[in-house]
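Structural features, examined
Given next are the chains, with one letter for each unit.
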Amino acid sequence: MATISIRNLILCLFVSGNLLLVSCEDKKKTGAPQKYNGPMMVTDNLSIMLSDSGKTTIKVTTAKQIKLQNEDEIYPKTVYVTFFDKNGVEYSSLRGDSGRYFRNEGLYKVMGNVFFFNRLQQQSLSTDLLNWSSTRKIIYTDYPFIIKTRFDEIHGIGMEADQDFTHYTMRKTKGVFAIDSLETGGAAEVDTTSN
């Protein structure tokens, strides 16, 4: 009799253990699925070439790119953007400590020690944040900026320019800079510090 009881006891423990394992597995399967919110892709040493009619027009280079689930991109390290003319000659460059690309808007934000330089016009722009709309082909900022040309240094808050930096509009400017005067036939200085 003792053997039958031990045998029954072992059988009961075995069946109970299996039921316990099966019920634990069922709880795992019935929980809500977890949605992955991390990056879709991480790329090191990225170099992107954009072209028009088979000719390179823009080159974006950075040490790291993080592509998010919504296809926006984060550039946590220094980002460089180079602009080329129709003959493939570099005419402008843009540099910042970090950046971000908003896919739905076609908008790049370059942040931290931003420096934009137009080699043809010998003009530079320094600011802390610069937006570049690749669809509208403009650059703009609402932050304080400094524009330097061969003759002038202009300070202001807020500006917009075409992406080749040949034409620009500035807000809240101050400084002394030269302009052509029709009356004098030469350069005249205009003080904008009262604006």
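Residues numbered from 1 in each chain as written. Predicted model: local features only at pLDDT ≥ 70, side-chain atom pairs only at ≥ 80, totals over all residues. Heavy atoms only, no water.

Here's the deal with the pattern of salt bridges
A complete count under the given rule lists seven salt bridges for this structure. We note a salt bridge from R171 to D142, for which the minimum N-O separation is 2.8 Å. Placement of the pair is R171 in the loop between β11 (168–170) and β12 (176–180) and D142 in strand β9 (residues 138–148), with a sequence separation of 29 residues. Relative accessible area serves as the criterion here: at 56%, D142 is assigned to the exposed category. (Salt bridge = Lys/Arg side-chain N within 4 Å of Asp/Glu carboxyl O. Helix = DSSP H or I, 4+ residues; strand = E, 2+ residues; numbered from the N terminus. Buried < 20%, exposed > 50% of the residue type's maximum accessible area, 1.4 Å probe, protein only.)

Considerations on unusual backbone geometry
Although it is not a glycine, Q122 sits at a positive phi angle of roughly 55 degrees. Mapped onto the secondary structure, Q122 falls in the loop between β7 (107–118) and β8 (123–133). Q122 gets classed as partly exposed once you look at its relative accessible area, which sits at 38%. If you check the backbone angles, K137 has positive phi at about 60 degrees while not being a glycine. Looking at the element boundaries, K137 is found in the loop between β8 and β9.

Structural notes on the packing of aromatic side chains
In this structure the tally under the stated criterion is six aromatic pairs. Pairing Y101 with Y108 gives two aromatic rings, centres 4.4 Å apart and planes at 35 degrees, and the pair type is tilted. Here the two residues Y101 and Y108 agree in accessibility, since each one is buried. Put simply, the rings of F83, Y91, Y101, Y108, F116 and W132 touch in pairs and so form one group of aromatic residues. (Phe/Tyr/Trp six-rings, centres within 6.5 Å; stacked < 30°, edge-to-face > 60°.)

Things to note about the nonpolar core
Counting 24 residues, the largest nonpolar core has F83, L94, F116, L125, I139 and F165 as the members making the most contacts within it. Secondary-structure elements contributing two or more residues to this core are β2 (55–67), β4 (79–84), β5 (90–96), β7, β8, β9 and β10 (153–162). Sorting elements by how many residues they give to this core places β7 first, with four residues. With residues up to four places along the chain from it excluded, the contact list for F165 reads F116, N118, Q123, S124, L125, I139, I147 and M159. (Core = buried A, V, L, I, M, F, W, Y, C linked by side-chain atoms within 4.5 Å. Contact = heavy atoms within 4.5 Å.)

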